[in-house]
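One-letter residues, chain by chain:
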Amino acid sequence: MNKHQDCFHCGLPVPAASNWQVTIDDIQQAMCCPGCQAVAQTIVDNNLTSYYRDRLSFSDKPTELIPDALRLYDTQEQLAQFETDTEGKLQGTFSIEGIRCGACVWLIEKHVAQLSGVQGINLNLSTEKLHVMWDGEQCKPSDIVKSVRELGYAAYPFDPLRHGEIIRKNAKTLFRQLFIAGLSMMQVMMYAVPVYLADADTMDKDMEGLMRWASLLLTLPAVLYSAQPFFKSAWANIKQRVLGMDVPVALGIAAAFIGSVFSTVTGQGDVYFDSVTMFIFLLLCSRYLELIARRRAASTLETMQHTLPSSAWLLQDYPESREPHYVPAAQLIAGQVILIKPGEAIPADGVIVEGNTSVDLSLLTGESQPQKKIMGERLPGGAVNVNQAILLQVEKLAKDSTLHALIRLIEQAGNDKPKIAQWADRVAAWFVTALLVFAGAVLIFWGWVDPIRAWPIAIAVLVVSCPCALSLATPSALAAATDALLRQGVLIMQAHVLETLHRATHIVFDKTGTLTEGRPKLEDISLMGDKNRDEVLQLAAAIEEGSAHPVATMLIQAAKQNQQVQPKVNVEHIESYSGQGLQCTVQGIVHRIGNAKFVAEIAGAIPATYDEIDHGCVYLGNTSGWLARYTFNDTLRSDAQAVIDYFLVRNKTVILLSGDAEHVVQKTARQCGIAIARGGVLPAEKLAYIKNLQAQGAVVTMVGDGINDAAVLHAADVSFAMGSGAALAQSHADAVLMRGRLSALRDAAETAAQTMRVIRQNLSWATLYNLVAIPAAAWGLLSPWMAGVGMSISSALVVGNALRLAHLTQKVKS
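Cut-off values and rules
Residues numbered from 1 in each chain as written. Predicted model: local features only at pLDDT ≥ 70, side-chain atom pairs only at ≥ 80, totals over all residues. Heavy atoms only, no water. Helix = DSSP H or I, 4+ residues; strand = E, 2+ residues; numbered from the N terminus. Buried < 20%, exposed > 50% of the residue type's maximum accessible area, 1.4 Å probe, protein only. Contact = heavy atoms within 4.5 Å. Areas by Shrake-Rupley, 256 points an atom, 1.4 Å probe, with all protein chains shown as cover. Salt bridge = Lys/Arg side-chain N within 4 Å of Asp/Glu carboxyl O. Pairing = 2+ DSSP bridges. Axes fitted to C-alpha atoms, helices over the stretch in contact; angles between N-to-C directions. Parallel < 35°, antiparallel > 145°, perpendicular 65-115°, else oblique. Left-handed = near helix turned anticlockwise from the far one by under 90°. Expected span 1.5 Å × (residues − 1). Polar contact = N/O pair within 3.5 Å; in protein donor to acceptor, adjacent residues only side chain to side chain.

Engineer: I'm lost on the overall build of the chain in this one. Help?
Structural biologist: Counting its secondary structure elements, the chain contains 27 helices and 29 strands. By the burial criterion, 52% of the 814 residues in the chain qualify as buried. Restricting to contacts in the chain with at least 6 residues of sequence separation, those with at least 24 account for 67%. As presented, the chain carries roughly 36,600 Å² of accessible surface, and 56% of it is formed by carbon and sulfur atoms.

Engineer: In this structure, what is going on with the pattern of salt bridges? I would like to understand it.
Structural biologist: A side chain with one charge may pair with a side chain of the opposite charge, provided their charged atoms come close. Counting across every chain of the model gives 6 salt bridges. Salt-bridge contacts for E354 lead to R322; the nearest nitrogen and oxygen are separated by 2.4 Å. One end of the pair, E354, is in strand β11 (residues 350-354); the other, R322, is in the loop between β8 (311-315) and β9 (325-328), with 32 residues separating them in the sequence. If you follow the salt bridges from partner to partner, you end up with R741, R746 and D747 in one network.

Engineer: Help me understand the sheet that holds strand β10 (residues 337-340), please; the structure alone is not making it clear to me.
Structural biologist: One key point about sheets: their strands pair by backbone hydrogen bonds, in either a parallel or an antiparallel sense. If you walk across this open sheet you meet the 6 strands as β9-β8-β10-β16-β11-β14, and the pairing is antiparallel. The outermost strands of the open sheet, each flanked by one partner alone, are β9 and β14 (378-379). Both β11 and strand β16 (residues 390-394) contribute to a ladder of 4 bridges, which runs antiparallel. Bridge pairing in β16 places I352 opposite L392.

Engineer: When you look at the packing of helix α19 (residues 533-544) against helix α20 (residues 550-561) in this model, what are you seeing that I'm missing?
Structural biologist: When two helices pack together, their arrangement is given by the angle between the helix axes and the distance between those axes. At a minimum axis distance of 8 Å, the contact between α19 and α20 shows a crossing angle of 130 degrees. Considering their axes alone, α19 and α20 lie oblique with respect to each other. The two elements α19 and α20 cross, and the hand of that crossing is left-handed. Note on element contacts: α20 touches α19 through A552, L555, I556, A558 and A559, opposite L537, Q538, A540, A541 and E544.

Engineer: What's the story with α19 in this structure? I'm lost.
Structural biologist: Within an α-helix, residues lying three or four positions from one another point in the same direction, as the helix has 3.6 residues per turn. For α19, with 12 residues, the first-to-last C-alpha span of 17 Å sits near the 16 Å given by 1.5 Å per residue. Counted residue by residue, α19 has 9 buried out of 12 residues, so it is predominantly covered. When α19 is considered as a whole, its buried residues turn out to be D534, V536, L537, L539, A540, A541, A542, I543 and E544. Where α19 begins, the side chain of N532 points an oxygen toward the backbone nitrogen of D534, at a separation of 3.2 Å. The first or second residue beyond α19 is G546, which carries a positive phi of 95 degrees.

Engineer: Teacher, can you tell me more about the sheet that holds strand β17 (residues 490-492) here?
Structural biologist: If you trace the 7 strands from one edge of the open sheet to the other, you get β17-β29-β28-β27-β18-β25-β26, paired in mixed fashion. Every interior strand has two partners, whereas the edge strands, β17 and β26 (676-678), have only one. Neighbour-to-neighbour, the strand axes of the sheet open up by a mean angle of 20 degrees, direction not taken into account. Both strand β18 (residues 506-509) and strand β25 (residues 653-657) contribute to a ladder of 4 bridges, which runs parallel. Paired with H506 across the strands is T653, a residue of β25.

Engineer: Please clarify how the environment of M554 should be interpreted in this entry.
Structural biologist: Considering the arrangement of structural elements, one finds M554 in helix α20. Distance from M554 to K521, taken between C-alpha atoms, is 6.9 Å for residues 33 residues apart in sequence. Beyond its immediate sequence surroundings of up to four residues, M554 is in contact with P520, K521 and F632.

Engineer: What exactly am I supposed to notice about the pairing of strand β4 (residues 90-97) here?
Structural biologist: With 7 of 8 residues buried, β4 is to be regarded as a mostly interior element. Pairing of strand β3 (residues 83-84) with β4, which is carried by 2 bridges, proceeds in the antiparallel orientation. Paired with T84 across the two strands is L90, which belongs to β4. Taken together, the 6 bridges between β4 and strand β6 (residues 129-134) define a ladder with antiparallel strand orientation. Note that in β6 the partner of T93 across the bridge is H131. Relative to strand β7 (residues 154-157), β4 runs antiparallel, the two sharing 4 bridges. Within β7, the position partnered with F94 by the bridge is P157.

Next comes the structure, spelled out in structure tokens:
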């Protein structure tokens, strides 16, 4: 690779271990990503390499120079990076540069949604990623990229390395613009203050004119460089005949500057160079705070994305050869064997075929202690190898790994918008139009009443309004809360979770694995037939093999610990009956394992001496009769009582629904102080119960195991699953308590209350501010510089208030 470590095309740093190159004028030049490689190759293929010799700077958006290069995003190699659902629809993520607030989000979504074939679109303000679903027959990735770039924003298919470099580059550029604006403001103030303090006898016209010209020259860097983001965005909006948030900002800056230049040249009227530089500086301060807030809100997600290894050590000819080859992780396929060195992240889900080690699962499950893993055990993609090198046989593609699934679910949390956010977007959309109309009316009115004051008052109206605060009020708070909860092990997968949880009137719990530990202990085996203890244990374990139920896990573990070696049981035709048990065929005889009623259907009436005792019991029988009863005992979670008390104190109705025996469920309910409890409830009955509550006006929160009872979790207004990173892809819940702490539900409820409080505060402040500030400016009570200060402070207050959520959730946890 060329020693030049910056991309020859766009100037960004070339990621380590990358191998994107293009031969330009017989020299191999390094590229930072496949996009730049594709565009540069197109330039070479079209004999346009003189572009590189004649250019004065690197290109941020090279495809605008050569529109045909956009078609390279439609190649089969590029399309393979996108996901395809069961109906053949494509889903993909695009990085977007230059978005600043909810208005940018609204504008891009509306514009791209007009493309033929686009069926779903959402832009995440915090991560700056555009998620699109489209019909590949009607729309191409190049159409989506082109549509976004028509608005003046840079767009390209998401690449984690390039995305991170772009974000850092933009942050540095914004800081430079902020620095120049601050420097200009201070210098202009040095000339403006003497003019304000002097009277007519102290300062003559020539000196005042000199001060004005000096201020003009010092304002130029702020207007021509620092204010570029506002002017570029506003011009792009106007070209598309839409009114974004930067339109009134750009008009205010331009009007104040042009009016001041006119006054300086003619020597008549007031100048507002100090107001212009102050407004640009304060607005950039606000933008910089917003950028920090967005980065902080997406920090956990970025950490996960950076953990994803981009390459792997492949043993191509294993076991004949053990020589590793460095290959992209995306090229791994099921069945291949890879080497995982100590300290390296696992690129794909797989099984250990050689070696023993410990792995760090903290990113997936929140478990801080390394877990021991031996040969034959499965490892999830995203875990980190701690101790020694192992060989892993890949079971899934890298893009389907556990960590990839987790990242997709986290991103999904920012894809949809709750109702309150949708309302704020709609209000912000028409706010700009109403503001411009109002500012025009104010200009006309004051032009008739007092022409000298008309121009500065109209400028003040444009500057003082704060649509950005209105559009930032909701997404900034939601992003901060979602990230804070993720740090605590609460994965929010649907946008409405916090809003709905705050409104919930009924909290419905499952028992096993939710209120209890989910690790029932096998206390006793009662023999009911002619088989001995070892035989019925081995038979039960064989039937339950492959089941995810906690009881199945305990039976299998007990069979493994059994010192008596039994012949392998050949189990066939296994069928699962939800909420009841399993049925199978063993040596031609139908067997069932599950609750007493289920087994009695084939084994006959249960003997009177074996009536269910006050424990959880599982029965085994066949068409010839009863074989065994397995008695289990499951302990209550240590934090269950505190969580239930939390909701009861807040006048929530707490309900326990379980498929376990009625007397077992009632005993658990009495332990926890739950007044309403029902046992022996099948999944269909649970679903009917939830729907009946909703029909009566209840807002229902369901808390279960996340894998069973999918229909119930889906039907609830909001649902939580007790889970871990390895089971996330199977979860049908709206949120997952990843660390297995039931107290995390209480944290989520408290955070939901705080988030809604902050959102209401932000919306109330933004509304009140505009209702007071705009009329005050219209009546001439605010000068342009006062308006600039007010607008910037308003945006900063909204963002700062949202950032408080991270500290509030830490207090909740403690």
